[in-house]
Amino acid sequence: MPKPRFIVEATYRPSRLARKKTEVTSVESDDIESAVSETAVRIYEKHPRLKGGVRYRAFSE
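Residues numbered from 1 in each chain as written. Predicted model: local features only at pLDDT ≥ 70, side-chain atom pairs only at ≥ 80, totals over all residues. Heavy atoms only, no water.

### Re the confidence of the model for the protein chain
Our working rule: Along the chain, pLDDT gives the predictor's confidence residue by residue, from 0 to 100. Under the DSSP-based scheme used, a helix requires at least four consecutive residues in state H or I and a strand at least two consecutive residues in state E, with every element numbered from the N terminus.
Averaged over every residue, the pLDDT of the protein chain is 91; the share at 70 or more is 100%. Taken element by element, the predicted model of the protein chain shows its lowest mean pLDDT in helix H1 (residues 32-46) (93) and its highest in strand S1 (residues 5-12) (96).

Take a look at the structure:
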């Protein structure tokens, strides 16, 4: 049985002076919590100095 797909929308500010950035990804995962955590890991790998303040919205596809 294939894993369900989730759309995860993450909104964050890469630096203090930067504008807010919204990133929408489609993630194949077992449940919605792990889909959000996979997206969080990807964002924090891309922006290692990010302090926090990332907001997530997740939907089933």
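### Considering the sheet that holds S1
Here is the rule: DSSP calls a pair of strands paired once it identifies at least 2 bridges connecting them. Structural elements are reduced to axes, namely lines fitted to C-alpha atoms, with helices fitted over the stretch in contact, and the angle between N-to-C directions of any two is expressed from 0 to 180 degrees. In what follows, a contact means two residues having at least one pair of non-hydrogen atoms within 4.5 Å.
Ordered in space as S2-S1-S3, the three strands form an open sheet in which the pairing is antiparallel. Edge positions in the open sheet fall to strand S2 (21-28) and strand S3 (55-60), since each of these has one partner strand only. Looking at each pair of strands side by side, their axes are set apart by 20° on average, direction ignored. This element, H1, spans S1, S2 and S3 of the sheet and lies at about 130° to S2.

### Comments concerning the pattern of salt bridges
We apply this condition: A pairing counts as a salt bridge when a side-chain nitrogen of Lys or Arg comes within 4 Å of a carboxyl oxygen of Asp or Glu. Burial classification: accessible surface area is computed with a 1.4 Å probe over protein chains only, and a residue below 20% of its type maximum counts as buried, one above 50% as exposed, and the rest as partly exposed.
Within this structure, the stated rule accounts for five salt bridges. In this structure, Lys-3 engages Asp-30 in a salt bridge whose closest nitrogen and oxygen atoms are separated by 4.0 Å. Taken together, the residues Lys-3 in the segment before S1 and Asp-30 in the loop between S2 and H1 connect sequence positions 27 residues apart. The exposure class assigned to Lys-3 is partly exposed, which follows from its relative accessible area of 44%. Judged by relative accessible area, Asp-30 falls into the exposed class, the value being 58%. Residues joined by salt bridges that share partners form a network here, namely Arg-5, Glu-28 and Glu-61.

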